[in-house]
Amino acid sequence: MGEQHEGNFDGDLLSPISELGFVRFLLADLHDDLDGKTARFRQLTDLSGALGSSGTMLPGAYTTSAAWREARTSFVQGNFVATVMLCQGLAEHVLAAHLEMLMDDDPLPPKISFVETLRRCRERSVISEEDAADMRRLMALRNPLSHFRTIDDPATLMQRVLQTSESPDSHLLRDATFAISMAIRLLALPAFRLDSTE
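Draft legend 1. Representation of the packing of helix 6 (residues 129-146) against helix 8 (residues 168-187). Where helix 6 contacts helix 8, the axes come no closer than 10 Å and their chain directions differ by 140°. Here helix 8 runs oblique to helix 6, going by the angle between their axes. The two elements helix 6 and helix 8 meet at a crossing, and its hand is left-handed. Contacts from Glu130, Asp131, Asp134, Met135, Arg137, Leu138 and Leu141 in helix 6 reach Asp175, Phe178, Ala179, Met182, Arg185 and Leu186 in helix 8. Of the residues assigned to the contact of helix 6 with helix 8, the class counts are seven nonpolar, no polar and six charged.

Structure, rendered in structure tokens:
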């Protein structure tokens with residue numbers, strides 16, 4: 001960081017905040033909702049017990065690895081919209097990459113819809129019908145966050161709040177909890193879990 005001299009800033013062009021100022025912001029951010037962050041971290045740790053004893057395979061290379069890492073961080077930090085979107089993207093990439101690795105007689109098109117990916121995974125018994133139904137539910141949670149809907153659309157967060165009289169934060173926490181649970185459930189499936197042979 002640059003130094004300030006007599007009211008002039010000769011370092012960063014974009015921010016007059018000193019390093020100490022940034023540290024104060026970071027500490028305040030770490031402190032906010034500390035109990036909630038701790039509870040979500042414990043929840044994530046408990047859920048992750050379903051993964052293989054040696055972890056899990058992440059077909060899809062860096063994209064899926066980054067999505068998995070960022071989904072976990074987002075959930076713990078309370079970034080619930082991001083958690084939903086990342087988990088659905090993770091599921092889409094993991095399943096499609098798995099299908100591509102099978103190299104069977106039905107190659108994937110250059111772009112494949114999530115619905116088609118789910119259909120093909122069901123045909124090959126990669127996922128159960130219950131898994132597919134819950135993946136479609138995850139997609140239904142993600143779509144109104146990714147794509148504009150008018151305010152009267154029943155899938156929007158605003159309509160859900162009005163219909164239930166629950167806070168937006170309550171809905172988003174529930175959605176994010178479902179999303180991260182689904183991501184872990186997916187990665188714990190026999191096609192992806194890695195168990196030690198000892």
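Draft legend 2. Up close: helix 2 (residues 34-47). With 14 residues, helix 2 extends 20 Å from end C-alpha to end C-alpha; this agrees with the ideal 20 Å at 1.5 Å per step. Here helix 2 has its buried residues at Gly36, Lys37, Arg40 and Leu44. In an axial view of helix 2, the angular spread of the buried residues amounts to 100°, which keeps them on one side of the axis. Of the exposed residues in helix 2, the ones pointing more than 90 degrees away from its buried face are Asp35, Arg42 and Asp46.

Draft legend 3. Expanded view of the nonpolar core. Residues Trp68, Leu95, Ile127 and Leu186 are the most contacted members of the largest nonpolar core, which totals 38 residues. Sorting the residues of this core by element identifies helix 3 (61-77), helix 4 (80-102), helix 5 (114-123), helix 6 and helix 8 as the ones contributing at least two each. Broken down by element, this core gets its largest block of residues, ten residues, from helix 8. Apart from the residues lying within four places of it in its own chain, the contact partners of isoleucine 127 are Leu95, Leu118, Cys121, Arg122, Ala132 and Leu189.

Cut-offs applied
- Residue positions are given per chain, counting from 1 as you read along its sequence in written order.
- Under the rules for a predicted model, residues below a pLDDT of 70 receive no local features and side-chain atom pairs below 80 are neither given nor counted, while totals for whole chains, interfaces and linings still include all residues.
- Each side-chain value is derived from all of the structure's non-hydrogen atoms; neither hydrogens nor water enter the calculation.
- Lines are fitted to the C-alpha atoms to define the axes, a helix being fitted only along its stretch in contact, and any angle between axes, read from their N-to-C directions, falls within 0 to 180 degrees.
- The way it works is that DSSP assigns letters per residue, a run of H or I at least four long becomes a helix, a run of E at least two long becomes a strand, and they are numbered from the N terminus.
- Geometric relationships in this document are graded by angle, where less than 35 degrees denotes roughly parallel, more than 145 denotes roughly antiparallel, 65 to 115 denotes roughly perpendicular, and other angles denote oblique.
- By the definition used in this description, the sense in which the near helix is turned from the far one sets the handedness, with an anticlockwise turn below a right angle giving left-handed and a clockwise turn giving right-handed.
- By the convention used here, residues are in contact when the closest approach between their heavy atoms is within 4.5 Å.
- Each residue is assigned to one of three groups, with Ala, Val, Leu, Ile, Met, Phe, Trp, Tyr, Cys and Pro labelled nonpolar, Asp, Glu, Lys and Arg labelled charged, and all others, Gly among them, labelled polar.
- Expected helix span is taken as 1.5 Å per residue step, with the number of steps being one fewer than the number of residues.
- In this scheme, a residue with accessible area under 20% of its type's maximum is buried, one over 50% is exposed, and one in between is partly exposed, where area comes from a 1.4 Å probe on protein chains only.
- Here, the arc refers to the directions that run from the helix axis to the C-beta atoms.
- We define the nonpolar core as a collection of buried residues of types Ala, Val, Leu, Ile, Met, Phe, Trp, Tyr and Cys that are connected through side-chain atoms lying within 4.5 Å of one another.

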